[in-house]
Amino acid sequence: MPPSSRAPRVGEVNPFLVPSPLPFGYPDLDAVREEHFLPAFTAGMAEQRAEVDAITADPAPPTFANTVEALERSGATLRRVSAVFFTLVGSHSTPGIRAIDAEVAPLLAAHADALTLDPALFARLEAVPADGLDGESRRLLERLRRDAERAGARLGDAEQRRLREINAELSALSTEFGSRLLAGANAAAVRVEDPARLDGLPDDAVTASGGRLALVLPTAQPALASLTDRELRRELHTASTTRGALGDEHDTRDIVLRTVALRAERAALLGHPHHASWVVEEGTAGSVEAIDAMLAKLVPVAVANARAEAAELAEHAGHPIEPWDRAFHAERLRKQRYAVDAAALRPYLELERVLHDGVFFAAHRLYGLTFTERHDLPLYHPDVRVFDVADEDGPVGLFVADLYARESKRGGAWMNSFVTQSRLLGTRPVVLNTLNITRGEPTLLTIDEVRTLFHEFGHALHGLLSDVEYPTFSGTAVPRDFVEYPSQVNEMWLEDPEVLTRYARHHVTGEPLPVEMVERLREARRFGEGTATTEYLAATLLDLAWHRLGPDSPVDDVLAFEADALREAGVDVPSAPPRYRSTYFNHVFGGGYSAGYYSYIRSEVLDADTVEWFAENGGLTRPNGDTFRRELLSRGGSVDPMEAYRAFRGRDPELAPLLVRRGLTE
């Protein structure tokens, strides 16, 4: 159950101050109260500060064991409380949780700076001998030194003081952005008094809506593909795209401007021309210029295709296509051209079957994993489910699924962890997937929701199959522009014939999805890809535009800057607005993707190339899965990701498979 707001009982032990007694270190959620968080954060930061002080006070010469390994072991209490707290921030927020988040965010930023910028610790790290270290240990030492330098360890005292101030304020701003966004999305939901206006929505979606069309995180709202009422579609689209820009208490524009200015100032302090340069430095792309070159190959052909698609839809509709019209008429044209009806697919995509006979089945065939639901562990919400994960060698970890939408959960879908794998710490992974699926009886999915389920489970596999020594490198702890790669690869299995025939069955009759419908689905795969790619690229280029601003390039109007940036980048296509606009771009202003939203397309280059490898080598087979697990999934950040890719693929990735997949060849 969710944490209670009651005060702890006299003599009650704060559950975060001791290791969990539950399997795999799964948190004892039944014992957690909101009042436990702040004391646990305070104690956890003090504990880690003392541990680092002990490292720097050690009179023995610095060694890998007494410095680097000791640092990796530090912060156990902070890890435990952070894992649970930040899960709740995203998945089951309350006014109490949000208040704690606002209070603790700058404290955590200051704590991280205090450690990273500790001159005595940095001196010890620099003095640790690298001779004789194995590859992962040497990489960890280099990583810690690099992170300290990137964080400002070589700056003077005055510059470090300013850096600490910036980091604390940025942390608070990120928290406030997420809080306003969640509240604003709930407030902007479109209420429909007349049920007749919901014509076109499937019956179960009408029932689930309760006359309230909730907003999910991206610009495009799923209901736009179904609603026949054009004015209601306009209202829903407007509510979606004006979030954070209405001049009310949920307005995020001041946060955007302040965040961008602080990031630019910090980049300058650290010797970079702009924030994007600082971010990309630790990625796999190499440079901002390399990203520009990749995007330059995609933008012109994607935009040309998007405009052609809009013209075709306008002819089909008999009027110009506004943004709220595109999905509606695209769905009808797709149905007419390919005889594919998204609504007709849903009865074949029941959640439980997709999960067990699709997602879990593919993981079993590839990696030998088995999933057994257990009902003996405490939950933070009744919707949450927990599964034991094992392979032939025994227990692997736990998989936690939180799949249904609710008002206390932010929009979107993501993976995070209660516990990360580490041989040094003796921990096995406990990973979570969080989605926003509308509950039904039964719950029937769209094909996009099926894709999201497979995608997020790809992240979960990255965490579950991790096999590294040090927690710094565990699972998804890889460069931002590589982290989406395994998850995008996992999407391929939703269309694999062996997988599809198992999960795509009518929820009443059990009949498989007709073969002819499967073939039409494949034929229709590229339909609308010009628009979809343009929407994504517009958000990517908007992110980069904000983060290429230097400290001497102030902006005072968010919407004007956004419009100018999209026009200058050549992606201002009215029928294909950005997937996210600045005022609700949580990846960038509330999460960790600033100057990194390009990562999805960068990762998809690797993904499309990998799909070809699987096809060339027999597809869904255990030997293929073992190879992918050994060379990529298990390695986390313990090796250079592109070296791991080359070891797997035998060469550098090629762009051509992505262009073919998205229909972007000229």
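**Q** Lay out the overall build of the chain in plain terms, naming residues and giving numbers.
**A** Helices and strands together make up the secondary structure of the chain, namely 26 helices and seven strands. At 25 Å, the chain has a C-alpha radius of gyration in line with the 26 Å of a compact globule built from 666 residues. Structurally, the chain occupies a C-alpha span of about 80 × 60 × 60 Å along its principal axes. The proportion of buried residues among the 666 residues of the chain is 55%. A separation threshold of at least 6 residues defines the contact pool for the chain, and within that pool the share at least 24 residues apart is 75%. Carbon and sulfur atoms make up 53% of the accessible area of the chain, which totals about 26700 Å².

**Q** Got a sec to walk through helix α23 (residues 599-616)? Specific residues and values, please.
**A** Under the 1.5 Å per step criterion, the end-to-end length of α23 is 26 Å for 18 residues, consistent within 8% with the ideal 26 Å. Phi turns positive one or two residues past the end of α23, at Gly618, with a value near 105°.

**Q** Just give me the short version of the pairing of strand β7 (residues 430-437), but keep the residues and values in it.
**A** Of all eight residues making up β7, eight are buried, and the element is well covered by its neighbours. The alternating pattern of β7 places Val430, Leu432, Thr434 and Asn436 on one face and Val431, Asn433, Leu435 and Ile437 on the opposite face, and all of these are buried. When strand β5 (residues 394-404) meets β7, the two strands line up parallel, connected through six bridges. The partner of Tyr404 across the bridge, within β7, is Ile437.

**Q** Now, about the sheet that holds strand β6 (residues 414-419): what can you tell me, with residues and values included?
**A** The strand order β3-β4-β5-β7-β6 describes an open sheet built from five strands, whose pairing is mixed. In this open sheet, the two strands that pair with only one neighbour each are β3 (370-374) and β6. Strand-to-strand twist in this sheet, taken as the mean axis angle between neighbours without regard to direction, amounts to 30°. Pairing between β6 and β7: five bridges, direction antiparallel. Note that in β7 the partner of Ser417 across the bridge is Val431. Docked against the sheet, helix α16 (residues 447-464) engages β3, β4 (385-391), β5, β6 and β7, running at close to 165° with respect to β7.

**Q** Account for the packing of aromatic side chains, naming residues and giving values.
**A** All told, the structure shown has 34 aromatic pairs when counted by the stated rule. Taken together, a centroid distance of 5.9 Å and an interplanar angle of 45° make the contact between Phe177 and Phe589 tilted. In this pair, Phe177 is assigned in helix α7 (residues 157-188) and Phe589 in helix α22 (residues 586-589), connecting sequence segments 412 residues apart. With respect to burial, Phe177 and Phe589 carry one shared label: buried. Summarising the aromatic geometry, the rings of Phe454 and Tyr503 are spaced 6.0 Å apart at their centres and angled 50° between planes, so their arrangement reads as tilted. Taken together, the positions of Phe454 in helix α16 and Tyr503 in helix α18 (residues 497-503) put the pair 49 residues apart, joining distant regions of the chain.

**Q** Tell me about the pattern of salt bridges, residues and numbers included.
**A** Counted according to the given criterion, the structure contains 57 salt bridges. In this structure, the salt-bridge partner of Arg233 is Asp325, at a minimum N-O distance of 2.9 Å. One end of the pair, Arg233, is in helix α9 (residues 230-241); the other, Asp325, is in helix α13 (residues 323-338), with 92 residues separating them in the sequence. Its relative accessible area of 0% is what places Asp325 among the buried residues. Salt bridges sharing common partners tie together Arg143, Arg146, Asp147, Arg150, Glu281 and Glu282.

Reading the values: the criteria
Residues numbered from 1 in each chain as written. Predicted model: local features only at pLDDT ≥ 70, side-chain atom pairs only at ≥ 80, totals over all residues. Heavy atoms only, no water. Helix = DSSP H or I, 4+ residues; strand = E, 2+ residues; numbered from the N terminus. Rg over C-alpha atoms; globule rule 2.2 N^0.38 Å. Buried < 20%, exposed > 50% of the residue type's maximum accessible area, 1.4 Å probe, protein only. Contact = heavy atoms within 4.5 Å. Areas by Shrake-Rupley, 256 points an atom, 1.4 Å probe, with all protein chains shown as cover. Expected span 1.5 Å × (residues − 1). Pairing = 2+ DSSP bridges. Axes fitted to C-alpha atoms, helices over the stretch in contact; angles between N-to-C directions. Phe/Tyr/Trp six-rings, centres within 6.5 Å; stacked < 30°, edge-to-face > 60°. Salt bridge = Lys/Arg side-chain N within 4 Å of Asp/Glu carboxyl O.

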